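# Coordinate analysis (summary)
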Amino acid sequence: MKTIVIGCDNAAVAMKVMLIKFLESKGITVENEGCNSADDNVNYPAIAKRVCENIIESGYKKRGILLCGTGIGMSITANKFKGIRAAVCHDNFSAERSILSNDANILCMGERVIGHELAKKITGEWITLEFKDGPSTPKVQEIIAIENENMK
């Protein structure tokens, strides 16, 4: 069984609540790292940090979903953590390629950009995919090498 660590800022609480219910209905274990209220003024970097640290502490066995107004700030922050590959995906093809081509471990989406039904569809596909050794492996290895050079 997979575990998804999820977090959002106050711009995406409704989408997070909806996705938690959706994931749990699929038998996925969900760990909520906040925020839990539209009145909570926690900044998205703090939430992204919690989610990334949780994934890292799991030995990268967990995946994450980060939500904010656009998904961009969450993605930028998450990609500052070694071993994290976060992708903003607002369509199914991008979500598919984030796993199959880039071995992403965090899906980022923006509640102000896409609706809840599309977010469910994207998430539903994303959780079923696994990176497989193949033509994209050298590219992912190159990303990891650059990361190792720059994140000492």
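Anything mentioned here points back to the structure above.
The following paragraphs examine the structure supplied in this document. (Residues numbered from 1 in each chain as written. Predicted model: local features only at pLDDT ≥ 70, side-chain atom pairs only at ≥ 80, totals over all residues. Heavy atoms only, no water.)

## Quick word on the packing of helix 4 (residues 92–100) against helix 5 (residues 116–126)
The following threshold applies: In this analysis, axes come from line fits to C-alpha atoms, helices being fitted only over the stretch in contact, and the angle between any two N-to-C directions falls in the range 0 to 180 degrees. Segments assigned H or I by DSSP are reported as helices when at least four residues long, segments assigned E as strands when at least two residues long, and all are numbered from the N terminus. Working rule for angles: under 35 degrees goes down as roughly parallel, over 145 as roughly antiparallel, 65 to 115 as roughly perpendicular, anything else as oblique. Less than a right angle of anticlockwise turn of the near helix away from the far helix marks a crossing as left-handed, whereas a clockwise turn marks it as right-handed. By definition in these notes, contact holds between two residues if any of their heavy atoms fall within 4.5 Å. Under the grouping applied here, Gly and all other residues not named as nonpolar or charged are polar, the nonpolar ones being Ala, Val, Leu, Ile, Met, Phe, Trp, Tyr, Cys and Pro and the charged ones Asp, Glu, Lys and Arg.
It is the contact of helix 4 with helix 5, at a shortest axis distance of 9 Å, that shows an interaxial angle of 25°. As judged from the angle between their axes, helix 4 and helix 5 are roughly parallel. In terms of crossing hand, the pair formed by helix 4 and helix 5 is right-handed. Counting all contacts with helix 4, which are made through N92, A95, E96, S98 and I99, the residues of helix 5 involved are L118, K121, I122, E125 and W126. A per-class count over the contact of helix 4 with helix 5 returns five nonpolar, two polar and three charged.

## Regarding the sheet that holds strand 2 (residues 29–32)
Put simply, the rule is: By the convention used here, strands pair only if DSSP detects at least 2 bridges between them.
Pairing in this open sheet of five strands is parallel, and the strands run 2-1-3-5-4 from one edge to the other. What marks the edges here is a single partner per strand, and that holds for strand 2 and strand 4 (86–88). With direction set aside, neighbouring strand axes in the sheet form an average angle of 25°. Sheet topology note: the strand 1 (residues 3–8)/strand 2 ladder contains four bridges and is parallel. Bridging from a neighbouring strand, I6 pairs with N32 of strand 2. Along the sheet, helix 1 (residues 13–25) makes contact with strand 1, strand 2, strand 3 (63–68) and strand 5 (106–110), crossing strand 1 at roughly 170°. The sheet contacts of helix 2 (residues 44–57) involve strand 1, strand 2, strand 3 and strand 5, and relative to strand 1 the element is tilted by about 165°.

## Focus on the environment of K132
Among the structural elements, K132 can be located in the loop between helix 5 and helix 6 (137–150). Residues K132 and E149, spaced 17 residues apart in sequence, show a C-alpha to C-alpha distance of 25 Å.

## With respect to a nonpolar patch on the surface
What counts is decided by this rule: Candidate patch residues must exceed 30% relative accessible area and have no salt bridge, after which like charges are joined if within 9 Å and Val, Leu, Ile, Met, Phe, Trp or Tyr side chains if within 5 Å. Working definition of accessibility: Shrake-Rupley area with a 1.4 Å probe, residue cover restricted to the visible protein chains. Whenever a carboxyl oxygen of Asp or Glu lies within 4 Å of a side-chain nitrogen of Lys or Arg, that contact is scored as a salt bridge. Relative accessibility under 20% of the residue-type maximum defines a buried residue, over 50% an exposed one, and the middle range a partly exposed one, all with a 1.4 Å probe and only protein chains included.
Judged by side-chain polarity, I72, I76 and V88 come together as a nonpolar surface patch covering roughly 240 Å² of accessible area. Within the secondary structure layout, I72 lies in helix 3 (residues 72–78). When its relative accessible area of 45% is taken as the criterion, I72 is described as partly exposed.

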